[in-house]
Amino acid sequence: MSDDSHMHCCNDADHDHNDHADPGADLTALRERIAQAVRDVKAQTPLAQSFTNFVTINLVANAQLAAGGTAAMSFLPDDVIDTASISGADYINVGTLLPFYKDALPQIARAFRKTGHKWVLDPVAAGIGKTRTEILRAFRAAPPTIVRGNASEIIALATMWGLVSPDEASRPAGVESVDEVDAAVDAAKTLAAFLAKFAPNGQAAVAVSGKVDLVTDGEAVYRLPGGSAMMAKITGAGCSLGGVTATYLAVAEPLVAALAASLLYNRAGEIAEAKAEGPGSFQVHLLDALWNLTPEQVAESPIV
Ligand SMILES: Nc1ncnc2c1ncn2[C@@H]1O[C@H](COP(=O)(O)OP(=O)(O)OP(=O)(O)O)[C@@H](O)[C@H]1O
Ligand SMILES: Cc1ncsc1CCO
Ligand SMILES: [Mg+2]
């Protein structure tokens, strides 16, 4: 789905002020940092390590490679902790859990906190199951740099961390969202501000995916229209977006990494939709588009 009406709002050409207090100038600077992050990944092929679910692990690795990074998957705490020394950032996804994860994941998160290692959390199905809730609660004391999830997951995580009051209207939704992205604005901002307090350089971000994505560093809120409804008809569009967010986090600050990955996915989804005949070919075209999109195309995408 492409929505060119949003282009008018924030196309930098619409702003002719160069005053630094001007949001147009700030957005121009932000777009340059996004382009630079995409360029840096293509030039540096950074490693982002993943501890992720069994359903979509292959798509996560292939998407990281297509974006220009490299991938390594592991489930062994000492392996993950040692590899973090050569990994620019890590990606942790709680989609499919095994009993030993209850100890392994908090142990890994504590090790990352100790060394200041950056990581992205995808709180898949947050709110469902005693073990998942125990693991996600444990991350509160050793939080990620970025949380990326759908609206229901972001609301559930912020609620279980006691950052927002329980919302009667929102319920855990399995791996798919039942909430609109805008229902998660307060949860996302509060969560990002909380993460920033723990981050070594005071910077963090939350990315909420959906029809229009929402990215925040706890202060500014950016809405990113576009993408394709077909992205919800393959498994792992969200998971691989999380993995690619970690790839960008390896070279860029959290807000820029979250924006770059979400913008890349929106454009890639649109290109894939135009070429695909169904979900199978959609996934193939999505990977090709992740590979072929230029830093400029990503950075020029609509930001509302
Ligand atoms: N209806 C839609 N229209 C446009 N883009 C969409 C739509 N739904 C999802 N997307 C895009 O798909 C990608 C994945 O987001 P989604 O919210 O489906 O993640 P998710 O629920 O965590 O997915 P999963 O857990 O299956 O990997 C994002 O880039 C998002 O912008
Ligand atoms: C389908 C599915 N089940 C557990 S994880 C996962 C991938 C999407 O989150
Ligand atoms: Mg998901």
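Rules used throughout
Residues numbered from 1 in each chain as written. Chains lettered and ligands numbered in written order. Predicted model: local features only at pLDDT ≥ 70, side-chain atom pairs only at ≥ 80, totals over all residues. Heavy atoms only, no water. UniProt positions renumbered as here; feature names shortened; annotations may be inferred. Helix = DSSP H or I, 4+ residues; strand = E, 2+ residues; numbered from the N terminus. Contact = heavy atoms within 4.5 Å. Buried < 20%, exposed > 50% of the residue type's maximum accessible area, 1.4 Å probe, protein only. Near = heavy atom within 4 Å. Areas by Shrake-Rupley, 256 points an atom, 1.4 Å probe, with all protein chains shown as cover. Nonpolar A, V, L, I, M, F, W, Y, C, P; charged D, E, K, R; others polar. Polar contact = N/O pair within 3.5 Å; in protein donor to acceptor, adjacent residues only side chain to side chain. Pairing = 2+ DSSP bridges. Right-handed = clockwise from strand over helix to strand, strands pointing away. Phe/Tyr/Trp six-rings, centres within 6.5 Å; stacked < 30°, edge-to-face > 60°.

A. Summary view of the UniProt feature "binding site: ATP" (unreviewed entry) in the chain. Under the UniProt annotation, the feature "binding site: ATP" (unreviewed entry) is placed at Arg148 and Ser209. In terms of the greatest pairwise C-alpha distance, the residues named above, spread along 62 residues, form a tight cluster of at most 7.5 Å across. Mapped onto the fold, arginine 148 is located in strand β5 (residues 146-150). Not counting the four nearest positions on each side in its chain, arginine 148 is found in contact with Val120, Leu121, Asp122, Pro123, Ile154, Ala207, Ser209, Gly238, Cys239, Leu241 and Gly242. In this fold, serine 209 is placed in strand β6 (residues 205-209). With relative accessibility at 18%, the residue serine 209 sits in the buried group.

B. Region of interest: the site of ligand 2. As a structural note, the neighbourhood of ligand 2 is formed by 9 residues, with Asn53, Thr56, Gly95, Thr235 and Cys239 the closest of them. Coverage of ligand 2 by the protein amounts to 75% of the 290 Å² it exposes when considered alone. The class makeup of the residues in the shell around ligand 2 is 4 nonpolar, 5 polar and no charged.

C. A look at the site of ligand 1. Among the 19 residues in the neighbourhood of ligand 1, the closest are listed as Arg148, Ser209, Asp213, Gly238 and Cys239. The separation between an oxygen atom of ligand 1 and a polar side-chain atom of asparagine 150 is 3.1 Å. For ligand 1, whose accessible area on its own is 620 Å², the fraction buried by protein is 91%. Counting residues per element, the shell around ligand 1 draws most heavily on helix α9 (residues 237-249), which supplies 4 residues. For the shell around ligand 1, the class distribution of residues is 7 nonpolar, 9 polar and 3 charged.

D. Up close: the pairing of strand β2 (residues 70-73). In the sheet, strand β1 (residues 47-51) pairs with β2 via 4 bridges, with the strands oriented parallel. Bridge assignment links serine 50 to a residue of β2, and that residue is methionine 73. Each parallel crossover has a hand, and the one from β1 via helix α3 (residues 57-67) to β2 is right-handed.

E. Structural view of the packing of aromatic side chains. Applying the stated rule across the entire model yields 9 aromatic pairs. For the pair phenylalanine 54 and phenylalanine 75, a centre-to-centre distance of 5.4 Å together with 50° between the ring planes defines the contact as tilted. A residue pair is termed long-range when its members are at least 10 positions apart, and phenylalanine 54 in the loop between β1 and α3 and phenylalanine 75 in the loop between β2 and α4 (77-83) qualify at 21 residues. Pairing tryptophan 161 with phenylalanine 194 gives two aromatic rings, centres 5.6 Å apart and planes at 55°, and the pair type is tilted. You can see tryptophan 161 sitting in the loop between α7 (151-160) and α8 (185-198) and its partner phenylalanine 194 sitting in helix α8, a full 33 residues away along the chain. Judged by its relative accessible area of 7%, phenylalanine 194 falls in the buried class. The structure contains a cluster of three or more aromatic residues connected by ring pairs, namely Phe51, Phe54, Phe75, Phe100 and Tyr101.

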